[in-house]
Each structure stands twice: as structure tokens, then as C-alpha cells.
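Working through the structure, step by step
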Amino acid sequence: MDNFNNSIQSLIEGAGWLAPALFILIHLIRPFLFLPVIVVCIAGGVLFGFVEGAVLSFIGLSLMSLIFYKLVSRFPRFREGVARLKTKILHDRTITVSQVMVLRVMPFVHFHLLSLYLMEMTDGFKSYMYYSGLGVILPAVLYTAFGEAITEFPWYVVSLFMLLLAAVYALLGRIHQMNIEGSKS
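Residues numbered from 1 in each chain as written. Predicted model: local features only at pLDDT ≥ 70, side-chain atom pairs only at ≥ 80, totals over all residues. Heavy atoms only, no water.

**A look at the overall build of the chain**
Quick note on the threshold: Put simply, DSSP marks the helices as runs of H or I at least four residues long and the strands as runs of E at least two long, and each gets a number from the N terminus on. A 1.4 Å probe rolled over the protein chains alone gives each residue an accessible area, and that area as a share of the maximum for its type sets the label: buried under 20%, exposed over 50%, partly exposed in between. Here a residue-residue contact requires only that any non-hydrogen atoms of the pair lie within 4.5 Å.
Each helix and strand in the chain was counted, giving nine helices and zero strands. N-terminal to C-terminal, the α/β element order of the chain is α-α-α-α-α-α-α-α-α. By the burial criterion, 40% of the 185 residues in the chain qualify as buried. Put simply, 75% of the contacts in the chain that link residues at least 6 apart link residues at least 24 apart.

And the structure:
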């Protein structure tokens, strides 16, 4: 990971005024390089500072959501592939938009799998982009600001953080289930 961060830093520093556009482009090609979102956001914080890095990560992740929507809409086989992944990993579990937001914060959760969930939960492109934009704010800010610190925490602190996020996810699922049962009564 240090080599990757050093490579990006050299590329960005050499780019001058094109550096922000290059960084956003890195966000767009990130899935093809099998890089987790957290790695690119950490690099944004190191290279651009907290505010600019978070804004650029937000733009890059939002554009990636837009491109994913367009790809899934135009290429049914691509959608089928992501849907198979969804079935393998989450076994057709229904989750809420708020649970998707929590999962977006968890490192190494498949970004496009969550985007597919958002597509299925929303009623069109405008709604999808609204919720997708909301869903990438927190990861962009957290990973940019605290990403490097999180990677330096001991394993038990990271485990505690992940357990806390899992508990929030489960709580939101229970609240959703209680709302469904309450509306049926």
C-alpha cells in the first residue's frame, strides 16, 4: 500500500494543475485496479489535505456511481453479474437505504453491490443519484480524515470499530422490520 501511495503522490505532484482531475480519474478506474475505496481516499487526504481531498473523493465516488448506473442500464449481462454476486454474498436479503449508508462506511464492502441495492430501492435515476450522493459523503470524509489513522490503529481497535458498525447495521434492520410489522397490523 505504501508503494501505491508513493506512486500516486509522484503522479499527482507531477501533474500540477491537472492533479485534481487525475485524482478523480483514479477514483473512476479504481474498480478495474481492484483497489478499495479507502486506499484512494487516504491518498486524497495525504495529497490534497482534508477538505480538498474529501471534496475530490466525493466527486470521484459520485461519478463512479453515475457510471455504474449507466453501465448496468446499458449492459444487462453486467447487471446479471453483479446480481449473482449479491445473491452469493447477501442471499437476496432486503436492506434499507440507511443500512446501505452504514455499509458504505465499512471498509472492503463491495461498492457496486451497494449501488445495485440502491438502484433496486429507488424509483429512477434522480432518486438513485440523490441517495448515492448522500451515501458517499460519509466515507469520503471519514476515510480522507481518519483513514490513515485507522490503518495505524491496533487490530483490536479496528475490530471494535467494525463491531460497532455491524451493531448499527443490525439495529437499523430491526427498526425496519418492526416498521414493516407495525404497518401490516
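Resuming the write-up.
**A short note on the pattern of salt bridges**
Defined as follows: Salt bridge, as applied in this entry: a Lys or Arg side-chain nitrogen positioned within 4 Å of an Asp or Glu carboxyl oxygen.
Summed over all chains, the structure comprises one salt bridge. One salt bridge connects lysine 86 with glutamate 120, and the closest N-O pair in it is separated by 2.5 Å. Separated by 34 residues along the polypeptide, lysine 86 in helix 5 (residues 76-90) and glutamate 120 in helix 7 (residues 111-121) bring together distant segments of the chain. Taking relative accessible area as the criterion, lysine 86 reaches 9% and is therefore assigned buried.

**Regarding helix 7**
Buried residues dominate helix 7, accounting for nine of its eleven residues. Among the residues of helix 7, those classed as buried are Phe111, His112, Leu113, Leu114, Ser115, Leu116, Tyr117, Leu118 and Met119.

**Some remarks on the confidence of the model for the chain**
Put simply, the rule reads: One confidence number per residue, pLDDT, is output by the predictor and ranges from 0 to 100.
Predicted confidence across the chain gives a mean pLDDT of 83, with 89% of residues reaching 70 or more. Per-element averaging of pLDDT across the chain places helix 1 (residues 2-15) at the bottom with 66 and helix 4 (residues 50-74) at the top with 93.

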